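# An overview of the molecular structure
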Amino acid sequence: MNTYIDLKSSNNHMNIQIAAKSIKQGKLVLFPTETVYGIGADGLNKKAVKNIFIAKGRKQDNPLILHVCNMDMINRIAKNISKLEYKLISAFFPGPFTIILERKDIVPDIVTGGLDTVGIRMPSNEIALKLIKLANTPIAAPSANISGKPSGTNINDIFNELKDKVDTIIDDGECNIGVESTVVRVINNIPHILRPGKITPEQIKEVAGNVVIDEHILQKLDNEKDVLSPGMKYKHYAPNSKCILIYSKDNNKMVNKINDISKEYKKPLIISCIENKDKYLCQNVLDIYHKDNLDELSKNIFHTLRKVDLYTPDIVIIEGVKKDGLGLAIMNRLIRACEYNYIEI
Ligand code: TXA
Ligand code: MG
């Protein structure tokens, strides 16, 4: 790392120019978005994009999202945008939403993993928007983490992991949302959710009249070839410790089951809501949100998953939530963190 730009406590956005210059020179910049931090590079510069894959240890068939700051930039990289796609863009951009569109030839193959589509997102974080505008190029950026690890939602969590791999770091404190954007592709004029996020199926249905939730969101893939979003194939978000996810609509049932499981281990660790903390017999309980406050849970979950290994538990037991609204995105990440080790009762 060469440059650290601290914008946590300052409104002085002048320094974003330094980061924009790095992008133009083909270097990597760690920057904030409202969802998670991204590792950005000039999305039209093949060599620079290749360095993102190297920095993350990411498989080349897993395409990157191009981050844009206005409609002109979308038109530079995508074509044949349908009426419904425009409707979704105007409803959810800027914001935690990614749309998969037919790509133009200007987009390098390395960005899209050779697909004829490209993922496009216009973040709402002001620093991100300014950076893209000043760099005057779409910024390719995956979540800021080594592949397989939980995405970075504050610089502290990822500093050691990534400091030697990027040229510039912009620190904007904690990300507001904490889970990555909703990824949508319109197929036969119906929006399909390939990855759930803060923009919920209900919100998409309200705009489009219809929505399909891809079956892979909560299930293990039987046939990897059929996957619409290559990122769904890979292990993700997992701590080193063994994890299990437990959910029941009936809170008492869930608590009892978690207590039963924890008794079978020497050093269990439980991730729970604040209201349930005292119901557990186990010593280590990380209570990270108020029950039903899914925004609080999504904001804290990746930081917590990164922290659990420090307790050297022999099992991490995680309370599940209802798979509605933002709960769908949270359960999608937790099921993967637990490598499909999931019990619903
Ligand atoms: O919130 C976010 O989306 C964050 C911030 C940094 O913007 N970015 C992010 O990027 O989560 P990444 O690379 O970690 O995840 C992108 C996901 C992957 O699952 C990838 O497979 C999928 O989007 N994706 C990208 N382009 C695609 C395409 N053309 N077709 C299908 N899926 C695509
Ligand atoms: Mg990621």
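Owing to the predicted nature of the structure, the values given are computational and were not obtained by experimental measurement.

Here we take up the overall build of the chain. Within the chain, the regular secondary structure consists of 11 helices and 17 strands. Over its C-alpha atoms the chain spans a radius of gyration of 20 Å, differing by no more than 12% from the 20 Å that the globule rule assigns to 345 residues. Projected onto its principal axes, the C-alpha positions of the chain cover 55 × 45 × 35 Å. Expressed as a percentage of its 345 residues, the buried residues of the chain come to 56%.

Take the pairing of strand β16 (residues 315-319) next. Burial analysis of β16 places 5 of its 5 residues in the buried class, which makes it a mostly covered element. As paired strands, strand β14 (residues 268-273) and β16 are joined by 4 bridges and run parallel to one another. Paired with Pro268 across the two strands is Ile315, which belongs to β16.

Let us now look at the layout of surface pockets. Volume-wise, the second largest pocket comes out at about 230 Å³. Among the residues making up the lining of the second largest pocket, the classes are represented as 5 nonpolar, 3 polar and 4 charged.

Mapped onto the secondary structure, Asn259 falls in helix α9 (residues 251-263). Under the relative-accessibility criterion, Asn259 is labelled buried at 8%.

In this structure, Ile74 and Leu131 are the most contacted members of the largest nonpolar core, which totals 65 residues. The residues contacting Ile74, other than those within four sequence positions of it, are Val68, Ile81, Ile89, Phe93, Leu101, Ile120 and Met122. If you look at the next biggest cluster of nonpolar residues, it comprises 41 residues, including Val255, Ile258, Phe302 and Val321.

Quick look at the packing of helix α10 (residues 294-307) against helix α11 (residues 326-337) now. Running from amino to carboxyl end, α10 crosses α11 at an angle of 20°, the nearest separation of the two axes being 10 Å. What the angle tells us is that α10 and α11 run roughly parallel. Crossing of α10 over α11 shows left-handed handedness. Two secondary-structure elements touch here, α10 through Leu294, Asp295, Leu297, Ser298, Ile301, Phe302 and Leu305 and α11 through Leu326, Gly327, Ile330, Arg333, Leu334 and Ala337. Classifying every residue of the contact of α10 with α11 by side-chain character gives 9 nonpolar, 2 polar and 2 charged.

The amide bond that connects Phe93 to the next residue, Pro94, takes the cis arrangement and shows omega of -10°. Despite not being glycine, Asp292 shows a phi value in the positive range, around 75°. Along the chain, Asp292 turns up in the loop between β15 (284-289) and α10. Relative accessible area serves as the criterion here: at 72%, Asp292 is assigned to the exposed category.

Before going further, it helps to examine the packing of aromatic side chains. In the structure shown here, the tally under the stated rule is 3 aromatic pairs. With a centroid separation of 4.9 Å and 40° between ring planes, the pair formed by Phe92 and Phe97 is classed as tilted. For the pair shown, Phe92 and Phe97 are each scored as buried. Here Tyr237 and Phe302 contribute two aromatic rings whose centre-to-centre distance is 5.1 Å and whose plane-to-plane angle is 10°, an arrangement assigned as stacked. Linking Tyr237 in the loop between β12 (212-213) and β13 (243-247) with Phe302 in helix α10, this pair joins segments that are 65 residues apart in sequence. Summarising the burial analysis for this pair, Tyr237 and Phe302 share the class buried. Each member of the aromatic cluster is reached from another via a ring pair, and the members are Phe92, Phe93 and Phe97.

Criteria and cut-off values
- Going along each chain's sequence as written, the residues are numbered from 1 onward.
- All chains are assigned letters beginning at A, and all ligands numbers beginning at 1, according to the order in which they are written.
- Side-chain atom pairs in this predicted model are given and counted only at pLDDT of 80 or more, local residue features only at pLDDT of at least 70, and totals for whole chains, interfaces and linings cover all residues.
- Excluded from the side-chain calculation are hydrogens and water; included are all heavy atoms of the structure.
- Helical segments are the DSSP runs of H or I of at least four residues, strand segments are the runs of E of at least two, and each set is numbered from the N terminus.
- Just to be clear, the radius of gyration here is over C-alpha atoms, and the globule rule we use is 2.2 Å times residues to the power 0.38.
- Each residue's exposure class comes from its accessible area (1.4 Å probe, protein chains only) as a fraction of the maximum for that residue type: buried when under 20%, exposed when over 50%, partly exposed otherwise.
- When DSSP finds two or more bridges between two strands, those strands count as paired.
- Cavity: a set of points on a 1 Å grid over the protein atoms alone where a 1.4 Å probe fits but cannot get out. Pocket: an open set with protein on both sides within 12 Å along at least five of seven lines, its lining residues, like those of a cavity, having an atom within 4 Å of a point.
- Grid points are joined across faces, edges and corners, and a volume is the space filled by probe spheres set on the points.
- We call Asp, Glu, Lys and Arg charged. Ala, Val, Leu, Ile, Met, Phe, Trp, Tyr, Cys and Pro are nonpolar, and the rest, Gly among them, are polar.
- By convention a nonpolar core is built from buried Ala, Val, Leu, Ile, Met, Phe, Trp, Tyr and Cys residues, the set being connected through side-chain atoms within 4.5 Å.
- In this analysis, two residues are considered to be in contact whenever any of their non-hydrogen atoms come within 4.5 Å of each other.
- Every angle, taken between N-to-C directions, lies between 0 and 180 degrees, and every axis is a line fitted to C-alpha atoms, over only the stretch in contact when it is a helix.
- Should an angle fall under 35 degrees it is taken as roughly parallel, and over 145 as roughly antiparallel, whereas 65 to 115 is taken as roughly perpendicular and any remaining angle as oblique.
- Note: crossing handedness is left-handed where the near helix turns anticlockwise from the far helix by less than a right angle, and right-handed where it turns clockwise.
- Two rings from Phe, Tyr or Trp (for Trp, the six-membered ring) form a pair when their centres sit within 6.5 Å of each other. Planes less than 30 degrees apart are called stacked, planes more than 60 degrees apart edge-to-face, and all others tilted.

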